[in-house]
Amino acid sequence: MISKSGLKRAAVRSLAVAVLCPLLIQFANAQDAGGEAAPSGVSSEIEKYCSNIADAARDQRYALQRDELQKLQDDVDARIAELEQRTAEYQDWLNRRNEFLAKAEAGLVEIYKNMKADAAAGQLELVNVNIAAAIIMKLAPRQSSGVLSEMSPEKAAQITGIISSATDPNTSKDP
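Here goes a summary of the coordinates provided. Keep in mind that this is a model prediction, so the values were computed, not measured. (Residues numbered from 1 in each chain as written. Predicted model: local features only at pLDDT ≥ 70, side-chain atom pairs only at ≥ 80, totals over all residues. Heavy atoms only, no water.)

**Quick notes on the overall build of the protein chain**
Thinking step 1. Of the regular secondary structure elements, the protein chain holds six helices and zero strands.
Thinking step 2. Listed N to C, the secondary structure of the protein chain is α-α-α-α-α-α in terms of helices and strands.
Thinking step 3. With 175 residues in all, the protein chain has 19% of them scored as buried.
Thinking step 4. Within the protein chain, residue pairs in contact and separated by at least 24 positions form 62% of the contacts whose partners lie at least 6 positions apart.
Thinking step 5. A total of about 13100 Å² of accessible surface is found on the protein chain, and carbon and sulfur atoms cover 58% of it. (Helix = DSSP H or I, 4+ residues; strand = E, 2+ residues; numbered from the N terminus. Buried < 20%, exposed > 50% of the residue type's maximum accessible area, 1.4 Å probe, protein only. Contact = heavy atoms within 4.5 Å. Areas by Shrake-Rupley, 256 points an atom, 1.4 Å probe, with all protein chains shown as cover.)

Spelled out as structure tokens, the structure:
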């Protein structure tokens, strides 16, 4: 296989040929047309030379382009591998977080199960309405009704609205 420096030299030569061949041909034709004494057949020799090396020059350009594309493909593959690794790390972190939240939620519900309705109502009025609704949904119906009856009517209405919309089958799962 040809080295990179060899490919670069070949590319420079092919570029020079691509640029110089038409100029040389034009110069030779101008010499012939101008009536100046040019060696016989110079124009045809230049044309033969240029046509003979055109395929090699084109092949060198293609080789350079192929090498550049391969380098870009390798870069993309490396980035994809890195993204897959990060995705796996994030997925692992998300799974551990969800396990922790499930344990914390179960423990939190147990705490409110053991509280008296008036104490639970007072505390649930102070937390986020969505969290309060989730906790009340996990309590037994008798406990839930006791907690809701001890809450202010506005807060109880908000929580009831959230609970009823959560059980509505027509509610979209995507926000």
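**Notes on the environment of E105**
Thinking step 1. You can see E105 is positioned in helix 2 (residues 42-113).
Thinking step 2. Remark: the alpha-carbon pair of E105 and A134, spanning 29 residues in sequence, is separated by 9.3 Å.

**With respect to the pattern of salt bridges**
Thinking step 1. Under the definition given, this model contains four salt bridges.
Thinking step 2. One salt bridge in this structure joins R96 and D92, with 3.4 Å as the shortest N-O distance. Of this pair, R96 and D92 both sit in helix 2, four residues apart, which is roughly one turn of the helix.
Thinking step 3. A salt bridge links K113 to E110; its shortest N-O distance comes to 3.5 Å. Within this pair, K113 and its partner E110 are both found in helix 2, separated by three residues, close to a single helical turn.
Thinking step 4. Judged by its relative accessible area of 31%, K113 is partly exposed. (Salt bridge = Lys/Arg side-chain N within 4 Å of Asp/Glu carboxyl O.)

**Side note on a nonpolar patch on the surface**
Thinking step 1. A cluster of nonpolar side chains, L108, I111 and I131, forms an exposed patch at the surface whose accessible area comes to about 250 Å².
Thinking step 2. If you trace the backbone, I131 turns up in helix 4 (residues 129-138).
Thinking step 3. Assessed through its relative accessible area of 45%, I131 is described here as partly exposed. (Patch = residues over 30% accessible without salt bridge, like charges linked within 9 Å, V, L, I, M, F, W, Y side chains within 5 Å.)

**Here we look at the nonpolar core**
One recurring pattern in soluble globular proteins is that nonpolar side chains are buried together.
Thinking step 1. Counting 16 residues, the largest nonpolar core has Y112, L124, I136, V147, M151 and I159 as its most contacted members.
Thinking step 2. Of all the secondary-structure elements, those providing two or more residues to this core are helix 2, helix 3 (117-124), helix 4 and helix 6 (153-166).
Thinking step 3. Here this core takes five residues from helix 4, the largest share from any one element. (Core = buried A, V, L, I, M, F, W, Y, C linked by side-chain atoms within 4.5 Å.)

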